[in-house]
Amino acid sequence: MADRVTVIGWDGSPLTAAARSALSAATLVAGAAHHLALPEVPPAAERIRLGSVDLAARRIAGHRGTAVVLADGDPGFFGVVRTLRAPEHGLEVEVVPAVSSVAAAFARAGMPWEDARIVVAHQRTLRRAVNVCRAHPKVAVLTSPGAGPAELALLLDGVHRTFVVCEELGTDREQVSVLTSDKAADHAWRDPNVVLVIGGGTTGGTPGTPWLAGQDTAARSVRGWGLPPEEYGHDGGRTGTGEDPSLRAAQLARLGPRTGDLVWDIGCAGGAFAVEAARFGAAVIAVDADPAACARTEQAARRHGVPLQTVPGRAPHVLENLPEPDVVRIAAGGVPVVTACTDRRPERIVAHASTRDEAEAIGAALAAGGYLVESLLLQTVGLDPDDWRERERSVVFLLSGRRANSA
């Protein structure tokens, strides 16, 4: 095992005294090509071109001497330190950090970033990274080949954002470009790059001093879920059993929307479900055949300070061009919409019905689509707290489907 392993971050500025001292004593140096070309690398040291960090860690573990690993930015922030410290390698490392590429990108843009979400985009996580960009007004994306600014822009189709693309930060070839997301797909971008995705902010919430990194705390200032309709500023829009707060809470519990997910809300009505799903950090596309319902949903989103996208149109036809969902709530359209949604293979689907016949038909459609079905009859009775008389009653069937091959 190496006698000593030092991980040095590099941001293009001159190396610190501690970094130069560690490098001068190194008998093995691992890094990318531009790191190994640094004049401070000892000529006699063994050099490893850093491709697979896991393979490099094995080489370092078997090395007798002093090893140095060079990495861009802060190597402890989505960097090589995690792999080097993995139990299978048994490496204890010292870290000499530099300014992270995310910090440098926001500095170039002149923006604060304690409220930013930070995601890594590669081909396996690109869709989820895009969903975070849909759901949050300030996101830094650490890109990779095949999952860069152009791919982000293409998957954000229909959602307007501003891109700040920072290419080759800290080098002589550094370039910072500011453009709208619809223009980013027309460019050829150099790696490595960081993309700041800005926009989708709302005027809702309570302004104040941020206290929690990576969170827009104003958007979560209202406590609780399954809130009453008046919390969403409804002004005589469509209501009914599908808008009952208790049903909504049960649907949210079964779908479990979370950061990185895309939620379809089909039949969004006044926007209560869509807004509450967005408050969990998920990206939301709210669909309704009534343009006025889409307008009410947008108004409710502004009221609660969450971004979402509305799509006016009649399901199932309007669903054909939407991006792939993770979870779906169906409040309108019946069996044809359920079938269209099962064809897209989301992890979970919820729907409701007013009659047993309708519930059986929806349950059969879910099962035929390869989903494990749960059927419940929910009854809620609102009582007057003064005399405990019944004030209102809601009885509805809740159907939920979990994809049979999902964890």
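Residues numbered from 1 in each chain as written. Predicted model: local features only at pLDDT ≥ 70, side-chain atom pairs only at ≥ 80, totals over all residues. Heavy atoms only, no water.

Q: Is there a simple way to explain the overall build of the protein chain in this structure?
A: When helices and strands are counted, the protein chain shows 13 helices and 17 strands. Evaluated residue by residue, the protein chain yields a buried proportion of 48% over its 407 residues. A separation threshold of at least 6 residues defines the contact pool for the protein chain, and within that pool the share at least 24 residues apart is 62%. Per element, the accessible surface of the protein chain, about 19200 Å² overall, is 52% carbon and sulfur. Of note, the protein chain has its 41 positive side-chain charges centred 3 Å away from the centre of its 47 negative side-chain charges. (Helix = DSSP H or I, 4+ residues; strand = E, 2+ residues; numbered from the N terminus. Buried < 20%, exposed > 50% of the residue type's maximum accessible area, 1.4 Å probe, protein only. Contact = heavy atoms within 4.5 Å. Areas by Shrake-Rupley, 256 points an atom, 1.4 Å probe, with all protein chains shown as cover. Lys, Arg positive; Asp, Glu negative; His and termini not counted. Charge placed at Lys NZ, Arg CZ, Asp CG, Glu CD.)

Q: Hey, could you run me through the pairing of strand β10 (residues 193-198) in this one?
A: Regular strands have side chains that alternate between both faces of the sheet. Burial of β10 is extensive: 5 of the 6 residues sit out of reach of the surface. Here 5 bridges tie strand β7 (residues 138-142) to β10, and the two strands are oriented antiparallel to one another. The partner of A140 across the bridge, within β10, is L196. When strand β8 (residues 162-167) meets β10, the two strands line up antiparallel, connected through 6 bridges. (Pairing = 2+ DSSP bridges.)

Q: Explain helix α10 (residues 272-279) here, please?
A: In an α-helix, one turn spans 3.6 residues, which is why side chains three or four residues apart end up on the same side. Burial analysis of α10 places 8 of its 8 residues in the buried class, which makes it a mostly covered element. Among all positions in α10, only A272, F273, A274, V275, E276, A277, A278 and R279 are buried. Next to the buried residues of α10 lie α9 (245-255), β11 (262-266), β12 (283-288), α11 (291-304) and β14 (327-330). Looking one or two places after α10, you find G281, whose phi comes out positive at around 95°.

Q: Is there a simple way to explain a nonpolar patch on the surface in this structure?
A: A cluster of nonpolar side chains, contributed by V381, L383 and W388, occupies part of the molecular surface with about 310 Å² of accessible area. The residue W388 is located in the loop between β16 (371-383) and β17 (390-403) in this model. For W388, a relative accessible area of 63% translates into the label exposed. (Patch = residues over 30% accessible without salt bridge, like charges linked within 9 Å, V, L, I, M, F, W, Y side chains within 5 Å. Salt bridge = Lys/Arg side-chain N within 4 Å of Asp/Glu carboxyl O.)

Q: Teacher, can you tell me more about the packing of aromatic side chains here?
A: Remark: the centre distance and the inter-plane angle together describe each pair of aromatic rings, the angle taken between the planes. Counted according to the given criterion, the structure contains 3 aromatic pairs. An angle of 80° between the planes, with centres 5.1 Å apart, marks the rings of F77 and F78 as edge-to-face. When its relative accessible area of 29% is taken as the criterion, F77 is described as partly exposed. Among the residues examined, F78 registers a relative accessible area of 53% and is labelled exposed. Ring geometry for F106 against W113: centres 5.9 Å apart, planes inclined by 5°, an arrangement best described as stacked. Under the relative-accessibility criterion, F106 is labelled buried at 0%. (Phe/Tyr/Trp six-rings, centres within 6.5 Å; stacked < 30°, edge-to-face > 60°.)

Q: It is not clear to me how the packing of α9 against α10 should be interpreted in this structure. Could you clarify?
A: Helix packing geometry: the angle between the two helix axes and the distance between the axes. Relative to each other, α9 and α10 sit at 40°, their axes nearing to 11 Å. What the angle tells us is that α9 and α10 run oblique. Every pair of crossing elements has a handedness; the one defined by α9 and α10 is right-handed. The residues of α10 that touch α9, namely those facing R248, Q251, L252 and L255, are A272, F273, E276 and A277. Grouping the constituent residues of the contact of α9 with α10 by class yields 5 nonpolar, 1 polar and 2 charged. (Axes fitted to C-alpha atoms, helices over the stretch in contact; angles between N-to-C directions. Parallel < 35°, antiparallel > 145°, perpendicular 65-115°, else oblique. Left-handed = near helix turned anticlockwise from the far one by under 90°. Nonpolar A, V, L, I, M, F, W, Y, C, P; charged D, E, K, R; others polar.)

Q: Help me understand the pattern of salt bridges, please; the structure alone is not making it clear to me.
A: A side chain with one charge may pair with a side chain of the opposite charge, provided their charged atoms come close. Taken as a whole and judged by the stated rule, the model has 20 salt bridges. Residue R127 pairs with D326 through a salt bridge whose shortest N-O separation is 2.6 Å. Within this pair, whereas R127 is found in helix α6 (residues 126-135), its partner D326 is found in the loop between β13 (309-312) and β14, the two being separated by 199 residues in sequence. Residues R393 and E390 are paired through a salt bridge, measuring 2.5 Å at the closest nitrogen-oxygen approach. In this structure R393 comes out as partly exposed when scored by relative accessible area, which is 46%. The exposure class assigned to E390 is partly exposed, which follows from its relative accessible area of 45%.

Q: Looking at this model, I keep getting lost on the sheet that holds strand β5 (residues 93-96). Mind explaining?
A: Whether parallel or antiparallel, the strands of a sheet pair through hydrogen bonds between backbone atoms. With respect to topology, 5 strands assemble into an open sheet ordered β3-β2-β4-β1-β5, the strand pairing being parallel. With partners counted over all chains shown, the strands left at the sheet margins are β3 (46-49) and β5, one partner each. Taken pair by pair, the neighbouring strands of this sheet meet at an average axis angle of 20°, ignoring direction. Note: strand β2 (residues 28-31) against β3, 4 bridges, orientation parallel. Bridge pairing links V29 to R47 in β3. Against the sheet, helix α1 (residues 17-24) makes contact with β1 (4-10), β2, β4 (66-72) and β5, and its axis sits at roughly 135° relative to β1, the strand it touches most. Those strands touched by helix α3 (residues 53-61) are β1, β2, β3 and β4, and its axis lies near 160° from that of β3.

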